Amino acid sequence: MASITYDGQSFIVDGRRVWLVSGAIHYPRTPHQLWRRRIRAAREAGLNCIETYVFWNAHEPEPGQFNFTGDLDLRRFVEIVAEEGMYCLLRPGPYVCAEWDAGGFPAWLTARDDVKLREANPAYLEACARFLGAVMEQVRDLQITVPSHGPVVAGPHNTPGAAAGGYLGGAGGPILMVQVENEWFAHNDEQAQKYLRELVRYLRENGCQVPVNNCNNLWQRVEGTIDTWNAKRHLAQHLRQLTVVQPDAPRLVTEFWPGWFDYWGGPHADHDPPALVEHRLVEILAAAGQYNLYMFHGGTNFGFYGGRSNARRDCFMTTSYDYGAPLMEAGGRGAKYDLCKRVSTFASQFSHVLAHVEPNRPNAAVTPDEPGADVSVIHLPGSQGDVVYLLRPDVTKTRPADVSVLLPDGLTMSVTLGSDAVAWFLLNVNLGGEAQLDFTNLRPWAFVDRQMLVLFGPAGSEGVVSLDGGRLDVQVPTGREPVVDRHEGVTLVILNHEQVDAAYLYEGGLAVGAAGLDDAGQPTARPGWAHQYRINPAGDMQRVATARSRKPAAPRLGKWERASLERVLDGSDEGFEKIDGPASLDALGQRFGYGWYRIGVGQAKSGRMFAPLAGDRLHLFSQGKPQGVLGLGPGAIDEPTSLRLSGDVVVLADNLGRFNVGSHVGERKGLMSHLYKVQPVALGRPRVDAERAPDPFELGGYIHLARQGERPQAEAVTWELKPRGQRPMILDVRDLPVAGVFMVNDAPLEYYHPHASGRLVRRLLEPGVDPVKRGKNELKLALFAPLAEKVDWAKHVKLYEATEAVTGRGQWAFRKWDVPGGDAFEPISAGEAGDGDSVPTWYRCRFDVRDASVPLWFQPRGLTKGQIYLNGHNVGRYLVATADGKAVPPQSDYYLPEPWLKTDAPNELMLFEEHGKSPGKARLVYNALGPYA
């Protein structure tokens, strides 16, 4: 039975120090047939650990009904991590964020009135206990502390040439640490005791034996857990602070973000350039920290699983979760992969050195990520040798430079930075008992089979290597052929930047000029390289010619067929079932995606109308004809608008994804109120009074970005409200630049924070319904801080009076949204192949694929918004244009995973096109790297 402990330097497994070099891969975002390939790509990049979330709503779609099969086979995913010789960090939540629908919370849970998420609420805790118990049941015996239940099947990368410092299969499994909750960014000690510690208890009682961490960025500490950090900037500062707070635990950046997410209607994320990612990884190492790349491979938000961020009112995730990650959505490798491989291979190959450095007495140093000096030097001594890091603060304006470094023994050594922003070297490191590396001005990359030391530096620079007191001067090659030498019984391989980025460790040693390893563990051809150089640990080099591969011709889409929704749109479809009135999609059993409502409104009604409680988009049809789209996102109207409705009104409610972060995680979707005719109410100029800041925790146990007990002097902004008789009022707050609590008659109503609430508050205020009373009322915004600048209140805070409930008297019905059967489709005649009739339509076509070795992408040209299905698999949403043809960025290409394609039979592509545009211009393309390369 393996033991695991930790101290201020590292984790310790059976007395051996472990240094984690980790990357995130979310198993539901990649088809299970590709899991091993993606995990191997991480290993080839030098990682020795895989991190993954566990997504509650995917595993428990209905209460008590668990699914751990296929793409949700958590156990098999962890087993593959073990088979590839890597550790695993498991993050089961129950809340995970991850830009995933509702942060992982199931819709059946968020639909319950007796549940308060992320706090000590009995109904919620009961559900959490059941879920965490089910997760631990799957992986309990895959913890590193559990005795081995049989031999782990070693993959072809479990060789001496693979990344060092990983799990080697001697225990029950690779799980080294489990995280409790995630990013609980609030300070509330009472809830920490009642909720967070209770989750830890659930884990322990269900057999969790490994260390448990939290990732709360010190907002809320949890007894019995390790504090870890999420960030992308100022990493050295944060990690040193962690050392002060918990000197007896290792420093881990649980989420280092090398990229960011995309959302519909926004620009493609401005990802950090590869050189900056490299710089920040080195900065973590220079703070004696370990890291997890979030994401290493982002994958795809298949189906309806994309979430909603609180960065803006309509920040809904795209189907692509490429994230600017080193390993791209379809498995492509670019410059960011290469530079992460430089740092990560060094960190895992020399993990024994990094895990023995002494971080608890750090020296003063120039801040490495802010201007202040040309070069910051950070020297970390340790019992297995010293590591020295050189960092320049600006990665964009570096000039070729040499740095003269004064060594501890008084000698100086010139280090050529070239145009790089980072460099590192080792002092007094024992090389597996074969030799002592005294010093070198080149960057160590790998040490293979206790024989071969691989170093790299700028092309043409002068290098020096001292082994066992013997000095060797070398020159870094300028071409593509590596320099190989024997010195003091060690094979030295000297590479330049281009070579190290094309270098891969494999069972035979080192291959230079490779693009990776194939399924058999052999080097593959790298585009632009006619030859590979294969070097064994003894120093023998072989020049191997590589064959060029040709990209196959893209498949052509066949003739399109169409399935009409005419009877659904005019309300005559027999699938509609009577309901009592407005209700959320969740309450009606439509957990994701769309749903159809039918409401009888009788004689024609016209005027400015508003649906105050609706999410996220409502496609309105009156007598089968489109009347517009109300709600959020491109092409929708998010304010009262003129409408004319009569007879049966059919509403296609579109759930674009629930909040995955902030104070409104798990909001309800669909049509939850009547459609009202409204008129604006002038609020007038508010009164501003000096008051103490409110206590937001009166609204709940978890309030995002709030601290318990912080109630400084601030201000309160107050308006007078006076309803007219029984008419409801609608409070509409958007993009307000200040934070506070909205109150009616001093009763807390809604927490608002520009960075935690999605920048939108919309409430129905009904006279006589607490806290609104008939007659005079006060609406107050109690601020958390004094006003720092003038606010145009009339622009951000609006009030409407509901003059009529347009849908108040008619009968309501609901029909679930579903995929039509094959017999519903008919061929489209030549005369009907135009731009469509602007109503929702299903399309279908077939195509043949002969080659599935290159990623295939669907480009929905000429279409607008909808859903893609491939051979029965829900590929995800597409949104490329509004109904009137205005282009919607950022995603134009949609990944069709290779395992979902057939090469021995026709493939079926099915589309739900919300505005009925013709698919005639859509096409398929092959692209090895993907659209964001």
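Going by the structure above, here's the rest.
Counting starts from 1 at the beginning of each chain's written sequence and moves along it residue by residue. Residues qualify for local features only when their pLDDT is at least 70, as the model is predicted, and side-chain atom pairs are given and counted only at 80 or more; totals for whole chains, interfaces and linings, by contrast, use all residues. To obtain the side-chain values, all non-hydrogen atoms of the structure were used and water was disregarded.

1. Digging into the environment of D818
Step number 1: By definition, any uninterrupted DSSP run of H or I lasting at least four residues is a helix, any uninterrupted run of E lasting at least two residues is a strand, and each is numbered from the N terminus. With respect to the element layout, D818 can be found in the loop between strand 49 (812-816) and strand 50 (826-827).
Step number 2: The spacing of D818 and L632 is 186 residues in sequence and 23 Å in space, taken between C-alpha atoms.
Step number 3: Throughout this description, a polar contact denotes any pair of N or O atoms lying within 3.5 Å of each other; where both atoms belong to protein, one of them has to be capable of donating a hydrogen while the other can accept it, and for residues adjacent in sequence the pair is counted only when both atoms sit in side chains. Within the structure, D818 has its side chain in polar contact with the side chain of R815 (distance 3.4 Å).

2. What to know about the pairing of strand 20 (residues 452-456)
Step number 1: Burial within strand 20 is extensive, with 5 of its 5 residues counted as buried.
Step number 2: Burial along strand 20 is two-sided: M452, V454 and F456 and L453 and L455, pointing in opposite directions, are all buried.
Step number 3: Taken together, the 5 bridges between strand 19 (residues 443-448) and strand 20 define a ladder with antiparallel strand orientation. Within strand 20, the position partnered with V448 by the bridge is M452. Any residue under 20% of the maximum accessible area for its type is buried, any over 50% is exposed, and the rest in between are partly exposed; the area is computed with a 1.4 Å probe on protein chains only. Criterion used throughout: strands pair if DSSP finds at least two bridges between them.

3. Quick notes on the packing of aromatic side chains
Step number 1: For Phe, Tyr and Trp, rings pair up if their centres lie within 6.5 Å, where Trp contributes its six-membered ring, and each pair is then called stacked (planes under 30 degrees apart), edge-to-face (over 60) or tilted (otherwise). Summed over all chains, the structure comprises 43 aromatic pairs.
Step number 2: Where Y294 meets Y323, the ring centres are 5.6 Å apart and the plane angle is 85 degrees; that geometry is what we call edge-to-face. Placement of Y294 in strand 12 (residues 289-297) and of Y323 in the loop between strand 12 and helix 9 (335-349) is noted, with a sequence separation of 29 residues between them.
Step number 3: Ring centres of W857 and Y895 lie 5.4 Å apart, and the angle between their planes is 45 degrees; on these two criteria the pair is classed as tilted. One end of the pair, W857, is in strand 52 (residues 856-859); the other, Y895, is in strand 55 (residues 894-896), with 38 residues separating them in the sequence.
Step number 4: Of the residues examined, Y895 reaches a relative accessible area of 2% and is grouped as buried.
Step number 5: Members of the aromatic cluster, joined through ring pairs, are Y53, F55, W100, W257, W260, F261, Y294, Y305, Y321, Y323 and F592.
Step number 6: Geometrically, a charge over a ring is one whose NZ (Lys) or CZ (Arg) sits within 6 Å of the ring centre while staying within 35 degrees of the ring normal. Over the face of the ring belonging to W529 we find R480, whose NZ or CZ atom lies 4.2 Å from the ring centre.

4. What to know about the side chain of N216
Step number 1: Of note, N216 is situated in the loop between strand 8 (212-214) and strand 9 (226-227).
Step number 2: A relative accessible area of 1% means that N216 is categorised as buried.
Step number 3: Look past the residues within four positions of N216 in its chain and what remains in contact with it is N182, E183, W184, F185, L196, V222 and T228. Here, two residues are considered to be in contact whenever any of their heavy atoms come within 4.5 Å of each other.

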